[in-house]
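Take a look at the letters that make up each chain.
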Amino acid sequence: MVLEEFKTRVLPVKNKLYRFALRFLSNEDEAQDVVQEVLIKAWNKREELHLYRSVEAWCMQVTRNLSLNRLKSGHYRDTEELPDGQQANHEQSPYDQAETQDVLQTIDQLLQRLPPAQQQVLQLRDMEGYAYQEIGEILEMPLAQVKVNLFRARKTLREQLIKMDAYGIDQHS
Amino acid sequence: MELTNIRELVEKYWSGETSLEEEAQLRDYLNQEEAPADLKKEATLFRYYQSNTRFRTLDEKFDEQLMQRIEQKPAKQVWLVYRPWLQGAAAAVFVLVTGLFLVTKWNTSVDNPTAETTAVIAEDTYEDPRLAYEQTKEALLLVSSLMNEGTQHIEKLETFSEAQETVKTQIP
């Protein structure tokens, strides 16, 4: 694989990898480091990449492993430990501005309260649009487990959303 | 798409039975059209999904950094630069092999070009294998000590490359 091919076939996966790394490490710099490491690994393995059924799934899998390693290694710094004002801010989307920011943030918090496996499955399916098979590959999880986790995640979210509705949190833009 | 269909899809979604295509249909509908009141929470959720993916991205600066790391990493070159004695060793092996080859060739061409002549070169010159071993060891140790001496001189050269690096990093 030459550099040009790498740029068109592998590099575009970067955003998915980044968001996936952010699921584990809420620190943006750390997540970015992980993605860089994953892509360098992919580049160094460029001669064997065609052996994998899906290069993207392989990259996602490595992202997960490296992120977990960082969490385990201890010197991981969580964004939440930063004092107020230094909080890494995601770019404001036009949607975020139009939508009551609160609601989207509340959903974010709801999601983060789910067990890690459920969060990961939900992200891979509902945000990144992966097939069950691929999710199983990325998370090294049996297919049935993937479906159970997704079902439970959606169920909890639904219940929480109904509750939010009942408490009259404004969801209208 | 019919609203009844959408409602059906929403139910299927919550029970985890939608396919990827159906989920895409839901996403398209809920993100574009003004959702009816009973589908507001789904609309909010799908908008959350969308904002999450659309605005958490890595910019071109990331690409540049990555390309820099990829391009400045010719692994083989680094291997030789940091191990100057390897170059010496490679040269020594080359000389030995070529020499042996030439001697063999010379022997076979000068004497009778039979298989016997090549065997002569490999013939034992020592009666006692222990003695042979000792002699070989000594010879190899001598070669190695000479090579180390050479390496010590080469190591001095590294000061130059270090200085070069410093200059390189300080001058943009």
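This structure is a prediction, so every number in the text was calculated from the model and none was measured.

(A) Seen up close, unusual backbone geometry. Residues and elements named next belong to chain A. One non-glycine residue, Glu140, lies in positive phi territory at about 50 degrees. Within the secondary structure, Glu140 is located in the loop between α8 (132–139) and α9 (143–166). Overall, Glu140 belongs to the exposed group, with 9 C-beta atoms counted inside 10 Å.

(B) Spotlight on the nonpolar core. Membership of the largest hydrophobic core comes to 47 residues, with the highest contact counts inside it found for A:Leu17, A:Ala21, A:Val35, A:Val38 and A:Cys59. In this structure A:Val35 touches A:Lys14, A:Leu17, A:Tyr18, A:Ala21, A:Thr63 and B:Leu58, once residues within four positions along its chain are discounted.

(C) The arrangement of the packing of helix α7 (residues 116–127) of chain A against α8(A) in detail. All names here are of chain A. Between α7 and α8, the shortest axis-to-axis distance is 10 Å and the interhelical angle comes to 140 degrees. When the interaxial angle is binned, α7 and α8 end up oblique. The handedness of the crossing between α7 and α8 comes out as right-handed. Seen from α7, the contacting residues are Gln120, Val121, Leu124 and Arg125; seen from α8, they are Ile135, Ile138 and Leu139. Partitioned by chemical class, the residues of the contact of α7 with α8 number 5 nonpolar, 1 polar and 1 charged.

(D) Representation of the interface of chain B and chain A within the structure. In this assembly, 24 residues from chain B lie in contact with 36 residues from chain A. It is helix α3 (residues 40–54) of chain B that provides the largest number of residues to the side of chain B that touches chain A, a total of 11 residues.

(E) Region of interest: α7(A). Over its 12 residues, α7(A) runs 16 Å from end to end, which matches the ideal 16 Å to within 8%, given 1.5 Å per residue. Where burial is concerned, most of α7(A) is hidden: 9 out of the 12 residues are buried. Along α7(A), the residues that are buried comprise A:Gln118, A:Gln120, A:Val121, A:Leu122, A:Gln123, A:Leu124, A:Arg125, A:Asp126 and A:Met127. Buried residues belonging to α7(A) abut α2 (14–24), α8 and α9 of chain A together with α3 of chain B.

Scoring rules and cut-offs
Residues numbered from 1 in each chain as written. Chains lettered and ligands numbered in written order. Predicted model: local features only at pLDDT ≥ 70, side-chain atom pairs only at ≥ 80, totals over all residues. Helix = DSSP H or I, 4+ residues; strand = E, 2+ residues; numbered from the N terminus. Buried ≥ 20, exposed ≤ 12 C-beta atoms within 10 Å, placed from the backbone. Core = buried A, V, L, I, M, F, W, Y, C linked by C-beta atoms within 7 Å. Contact = placed C-beta atoms within 7 Å. Axes fitted to C-alpha atoms, helices over the stretch in contact; angles between N-to-C directions. Parallel < 35°, antiparallel > 145°, perpendicular 65-115°, else oblique. Left-handed = near helix turned anticlockwise from the far one by under 90°. Nonpolar A, V, L, I, M, F, W, Y, C, P; charged D, E, K, R; others polar. Expected span 1.5 Å × (residues − 1).

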